Amino acid sequence: ETNEYTFCDLLVDRCKGIDKMPILDDGGGLSKQISVEDSFVRGSMIVMREVRRILDGLFVRLLRLLDKRREDSPDPKMSYPSTFRLTARIVDRSALVHRRRPFRTISKQCAINGK
């Protein structure tokens, strides 16, 4: 047994709410994340054409958010994201009888040049 502070110790401390990392003030900068989302009644999104129509609408809302972010930013060049992530939560029909929440979450992300 050693007196080293291990990764396991770190995880146990974090679970207890203990975090010794200093809090760095970003000076009231922009949040690191923006998002748009929508939800649907289970089983209502079954045609790919409809999924694409909804994604087009979300994309328009995302562009509006980015424009607003650029307007509000003290440095507009730094106001754009560098990563894009799309997350979908779908019903896994094979799990409908086995689990209370038969959802499967799929998330894909990629780096972008947001400038």
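Just so it is clear, the model here is predicted, and its values are computed rather than measured. Each chain has its residues counted from 1, running along the sequence as written. Restriction of local features to residues with pLDDT of at least 70 applies here, the model being predicted, together with a cutoff of 80 or more for giving and counting side-chain atom pairs; totals for whole chains, interfaces and linings are based on all residues. Side-chain figures throughout are based on the complete set of non-hydrogen atoms in the structure, without hydrogens or water.

So, the confidence of the model for the protein chain
Going by this rule: Think of pLDDT as the predictor's per-residue confidence, scored from 0 to 100. For helices the rule is a DSSP run of H or I covering at least 4 residues; for strands it is a run of E covering at least 2, with both sets numbered from the N terminus onward.
Averaged over the protein chain, the pLDDT score is 80; the fraction of residues at 70 or greater is 86%. Across the protein chain, element-level confidence peaks in helix α1 (residues 7-15) with a mean pLDDT of 89 and bottoms out in strand β1 (residues 83-91) with 82.

Overview of the environment of I54
Test applied: Should any heavy atoms of two residues lie within 4.5 Å, those residues are counted as being in contact.
With respect to the secondary-structure elements, I54 resides in helix α2 (residues 48-72). Spatially, the C-alpha atoms of I54 and D38 are 8.4 Å apart, while their sequence positions differ by 16 residues. Sequence-distant contacts of I54, that is, excluding residues within four places in its chain, are made with F40 and M45.

Topic: the pattern of salt bridges
Filter applied, for reference: We define a salt bridge as a side-chain nitrogen of Lys or Arg found within 4 Å of a carboxyl oxygen belonging to Asp or Glu.
The full count for this structure, using the stated rule, is 4 salt bridges. Between R70 and D67 there is a salt bridge, and its shortest N-O distance comes to 3.2 Å. One end of the pair, R70, and the other, D67, are both in helix α2, 3 residues apart, so they sit about a helical turn from each other. Put simply, K68 and D72 hold a salt bridge, and the shortest N to O gap is 3.3 Å. Of this pair, K68 and D72 both sit in helix α2, separated by 4 residues, roughly a single helical turn.

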